[in-house]
Amino acid sequence: MTDVTGAPADVLHTLFRSDQGGHEQVVLCQDRASGLKAVIAIHSTALGPALGGTRFYPYANEAEAVADALNLARGMSYKNAMAGLGHGGGKAVIIGDPERIKTEELLLAYGRFVASLGGRYVTACDVGTYVADMDVVARECRWTTGRSPENGGAGDSSVLTAFGVYQGMRASAEHLWGDPSLRGRKVGVAGVGKVGHHLVGHLLEEGAEVVITDVREESVRRVLERHPSVVAVADTDTLIRTEGLDVYAPCALGGVLDDDTVPVLTARVVCGAANNQLAHPGVEKDLADRGILYAPDYVVNAGGVIQVADELHGFDFERCRAKAAGIYDTTLAIFARAKDDGIPPAAAADRIAEQRMAEARGR
C-alpha cells in the first residue's frame, strides 16, 4: 500500500502519527552525477542542533532506509538528552554498499546536502563511514564532526563508545550482583568491529572471560591474534545460547532482541553498543519477565556522541573521558528509577529523556 506520493504508507504513518514519529524534518537527497541517494532525518532540536552519525548501508529498498533513518534519529534525541548534551537528535543514511559505490564525489555531494540545512543537523561517523570520510564531507560542510586530528577533529569515536559501554556494564553488575567488577564474568560480544574490539580490551584488562562472534572473519581473526584467550563461536545464535554467559553485548546492527532471541538468552545482563537493540515495543518487558537486566543502548553507547559533540568546542580527550565515565552513574540512576516506578529500564530511560526535552521546549 502506498500514499499519494507513492511512498509506503507505513513510513508516513510512522513519521506523522505513530508514537515512534514526531520528527521535525526529513530530507531526501539525490545527486545523479555521483550516485548519491541519502535520507537525513531530524527528530528534535529542542536541546540544540540535531547531532548524529551517517550510516552507509545497502538497504533492500528506499522505504527500509527511511524507516531506519527515522528510528535512528529518534534514538539520537534520547541518547543526547541522557548524555546531558546541548543537542537534539538526527541521523543520516546513505543507500548503497560502501565497498562498491563510496567515492569522493559522492561524499562531497552528501556534504553539500548537510550544509544546506544551515547547522540544524551536525553529522559524524556511523556504520559504513569512517574518519577519512568525514574529512571529505567537511570540505563541503562545516557542520561535520568525527574528523581526523590533522583536520581539526577528534578522530575515532569508537574508543569512547566502547569505554561508555564498559561503564554501563559495570553499573549493571553493581545493580544485579552488588559489585561493579567484571572479573571472572563470562561476556559475549556480538560484533567486534570498530567498537567491539575496544570493548574486548576493557573486559580482558579487568579479568573477564570473553566469547565473540562477527559476520566478518577478518574482524574475528584480528581479535584472536591480539588476544589468544578469547573464544570465538560461529554466530550470534550460538553466542546467546552459550552456557554460563553472564553478559551479552550486542555491538553490531540493531533489532537483535526479538521474540526469537529473548527466550533463549542465557545471559543475565544485556549491555552493548548497537543502536535500537529492541526489535519492537514490548521486548523490554519480555526481558524483565525473564529476569534479564537490560541497560538501554542509547544510554550506554553515548561515549562516541559525547566525543564528537566536544569536537565542536575544541576537543579535549580527558574531558570527554570524564564525561563518558559518568555513564556508570547515569545507568545506575535509570535502574533505580525503573525500580521505583515499577517499569523496565528502557521505559525509565525514555521517561527521563522525554522530561528533559519537554523542559527544554518549555523554556
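Residues numbered from 1 in each chain as written. Predicted model: local features only at pLDDT ≥ 70, side-chain atom pairs only at ≥ 80, totals over all residues. Heavy atoms only, no water.

Visitor: Could you give an account of the state of the cysteines, with specific residues and numbers?
Guide: Under the criterion given, the structure shown has 0 disulfides. Distance from the sulfur of Cys141, which forms no disulfide, to the nearest cysteine sulfur (Cys29) is 11 Å. For Cys141, a relative accessible area of 1% gives the class buried. Counting only cysteine sulfurs, Cys125 is the nearest neighbor of Cys320, a cysteine outside any disulfide, at a range of 15 Å. (Disulfide = S-S within 2.5 Å. Buried < 20%, exposed > 50% of the residue type's maximum accessible area, 1.4 Å probe, protein only.)

Visitor: Please set out the pattern of salt bridges residue by residue, giving values where relevant.
Guide: Per the stated rule, a full pass over the model turns up 17 salt bridges. In this structure, Asp289 and Lys285 form a salt bridge, with 2.9 Å as the shortest nitrogen-oxygen distance. Taken together, the positions of Asp289 and Lys285, both in helix 10 (residues 283–289) and 4 residues apart, correspond to about one turn of that helix. Grouping residues by exposure puts Asp289 and Lys285 together as exposed. One salt bridge connects Asp341 with Arg337, and the closest N-O pair in it is separated by 2.6 Å. Of the two residues, Asp341 and Arg337 are both situated in helix 14 (residues 327–341); the distance of 4 residues between them amounts to about one turn of the helix. (Salt bridge = Lys/Arg side-chain N within 4 Å of Asp/Glu carboxyl O. Helix = DSSP H or I, 4+ residues; strand = E, 2+ residues; numbered from the N terminus.)

Visitor: How would you explain the pairing of strand 4 (residues 54–57) if you had to name every residue and give the values?
Guide: Remember that side chains alternate between the two faces of the sheet whenever the strand is regular. With 4 bridges joining them, strand 4 and strand 5 (residues 88–95) adopt parallel strand pairing. Note on strand 5: the bridge partner recorded for Tyr57 is Ile95. (Pairing = 2+ DSSP bridges.)

Visitor: Any chance you could break down the packing of helix 6 (residues 158–177) against helix 13 (residues 317–325) for me, citing the residues and the numbers?
Guide: Contact geometry of helix 6 with helix 13 gives a least axis separation of 9 Å together with a crossing angle of 30°. The pairing of helix 6 with helix 13 is recorded here as roughly parallel in orientation. Viewed along their axes, helix 6 and helix 13 form a crossing whose handedness is right-handed. On the side of helix 6, the interface is formed by Val159, Leu160, Phe163, Gly164 and Gln167, while helix 13 contributes Phe317, Cys320, Arg321, Ala324 and Ala325. (Axes fitted to C-alpha atoms, helices over the stretch in contact; angles between N-to-C directions. Parallel < 35°, antiparallel > 145°, perpendicular 65-115°, else oblique. Left-handed = near helix turned anticlockwise from the far one by under 90°. Contact = heavy atoms within 4.5 Å.)

Visitor: Run through the side chain of Thr331, naming residues and quoting values.
Guide: For Thr331, the location among the structural elements is in helix 14. Under the relative-accessibility criterion, Thr331 is labelled buried at 1%. Look past the residues within four positions of Thr331 in its chain and what remains in contact with it is Gly168, Ala171, Ala295, Val299 and Val300.

Visitor: Run through the sheet that holds strand 8 (residues 209–213), naming residues and quoting values.
Guide: Here 6 strands make up an open sheet; going across it, the order is 9-8-7-10-11-12 and the pairing parallel. At either margin of the open sheet sits one strand with a lone partner, and together these are strand 9 (231–232) and strand 12 (293–294). Both strand 7 (residues 186–190) and strand 10 (residues 247–250) contribute to a ladder of 4 bridges, which runs parallel. The residue of strand 10 that forms the bridge with Gly188 is Tyr248.

Visitor: Outline the nonpolar core, supporting the account with residue identities and numerical values.
Guide: Counting 69 residues, the largest nonpolar core has Tyr110, Met169, Val189, Leu199 and Leu203 as its most contacted members. Residues in contact with Val189, not counting those within four places in the same chain, are Gly196, Leu199, Val200, Leu203, Val210, Val211, Ile212, Thr213, Leu239, Ala249 and Cys251. In terms of nonpolar packing, the next biggest core, distinct from the first, is built from 16 residues, Leu265, Val270, Ile292 and Ala346 among them. (Core = buried A, V, L, I, M, F, W, Y, C linked by side-chain atoms within 4.5 Å.)

Visitor: Any chance you could break down the environment of Asp135 for me, citing the residues and the numbers?
Guide: The topology assignment puts Asp135 in helix 5 (residues 131–137). For the pair formed by Asp135 and Gly207, sequence separation is 72 residues and the distance between their alpha carbons is 37 Å. For Asp135, the residues in contact, after removing those within four places along its chain, are Arg147, Ser148 and Asn151. A polar side-chain atom of Asp135 sits 3.1 Å from a polar atom in the side chain of Asn151. (Polar contact = N/O pair within 3.5 Å; in protein donor to acceptor, adjacent residues only side chain to side chain.)

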